[in-house]
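What follows is the residue order along each chain.
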Amino acid sequence: EGKYISCIDTDNKGNIWIASGKELYFKNGGNQKTFDLGFGIVDIAISPDESLWIGSDGGGLGHFNGRDFTWYNKENAGLPRDYVRNVEVTSDGNVWFSSCAHQIGGLGFYDGVSFEFFTPENSPLNQSIIQDIEIGSDDAVYIATAGTVWKTNIYRISDKKWECLGDEEGTFYW
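Notes on the structure follow. Predicted, not measured: the structure shown is a model, and the values here were computed from it. (Residues numbered from 1 in each chain as written. Predicted model: local features only at pLDDT ≥ 70, side-chain atom pairs only at ≥ 80, totals over all residues. Heavy atoms only, no water.)

With that out of the way, let us pick up the overall build of the protein. Broken down by element type, the protein carries one helix and 16 strands. At 16 Å, the protein has a C-alpha radius of gyration in line with the 16 Å of a compact globule built from 174 residues. Accessible surface, the protein as shown: approximately 9400 Å² in total, 46% of it carbon and sulfur. Distance between charge centroids for the protein: 4 Å, based on 13 positive and 26 negative side chains. (Helix = DSSP H or I, 4+ residues; strand = E, 2+ residues; numbered from the N terminus. Rg over C-alpha atoms; globule rule 2.2 N^0.38 Å. Areas by Shrake-Rupley, 256 points an atom, 1.4 Å probe, with all protein chains shown as cover. Lys, Arg positive; Asp, Glu negative; His and termini not counted. Charge placed at Lys NZ, Arg CZ, Asp CG, Glu CD.)

Rendered as structure tokens:
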């Protein structure tokens, strides 16, 4: 009560993860745990292995395996920024996330071994800012870009193939 909830996610077993400020709450029935992460929590996503991925303001991309937190950031993983706004996980455990700003970074991908970043320079993205990411029931990845007026687009990535769902020059006004 009295806390601003920044994000929430649930799994198939009834576990609930809730973030408020720098605090992460785990709740399952009467069992509740609280973790102070030291960074503002922006987004969370539960992986199929029941681990938790965390988008943060200042810490980069976090991973909690139930015992330990691991942080991936500019220094150890080459992220463009230590700010991760969106994080989503596919059914095979691949992590998609945004680490970007105007003309910096873009869409991040982590397969459990290495990181890859998609930017306007090396992908069909028309700009660096990723406004939102969603994973479809078929594991297709949907990305909405933003940043420049009249340049917002939605992309679908399926089987490593990109498709712009609209005019490649820009479809929507943000």
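Backbone-to-backbone hydrogen bonds join strands into a sheet, with any given pair of strands oriented parallel or antiparallel. Across the sheet, four strands lie side by side as 9-10-11-12; this open sheet has antiparallel pairing. Pairing within the sheet leaves two strands with one partner each, and these edge strands are strand 9 (87–89) and strand 12 (115–118). Shown here is a sheet whose adjacent strand axes are inclined to one another by a mean of 25°, direction ignored. Sheet topology note: the strand 11 (residues 104–110)/strand 12 ladder contains four bridges and is antiparallel. (Pairing = 2+ DSSP bridges. Axes fitted to C-alpha atoms, helices over the stretch in contact; angles between N-to-C directions.)

What follows covers the pairing of strand 2 (residues 16–20). Both strand 1 (residues 7–10) and strand 2 contribute to a ladder of four bridges, which runs antiparallel. Residue pairing in the sheet places C7 in a bridge with A19 of strand 2. Following strand 1, the chain reverses through five residues before pairing antiparallel with strand 2; G14 in that reversal takes a positive phi of roughly 90°. Relative to strand 3 (residues 23–28), strand 2 is paired through five bridges, and the arrangement is antiparallel. The partner of A19 across the bridge, within strand 3, is L24. Linking strand 2 to strand 3, which pair antiparallel, is a turn of two residues; within it G21 sits at a positive phi near 65°.

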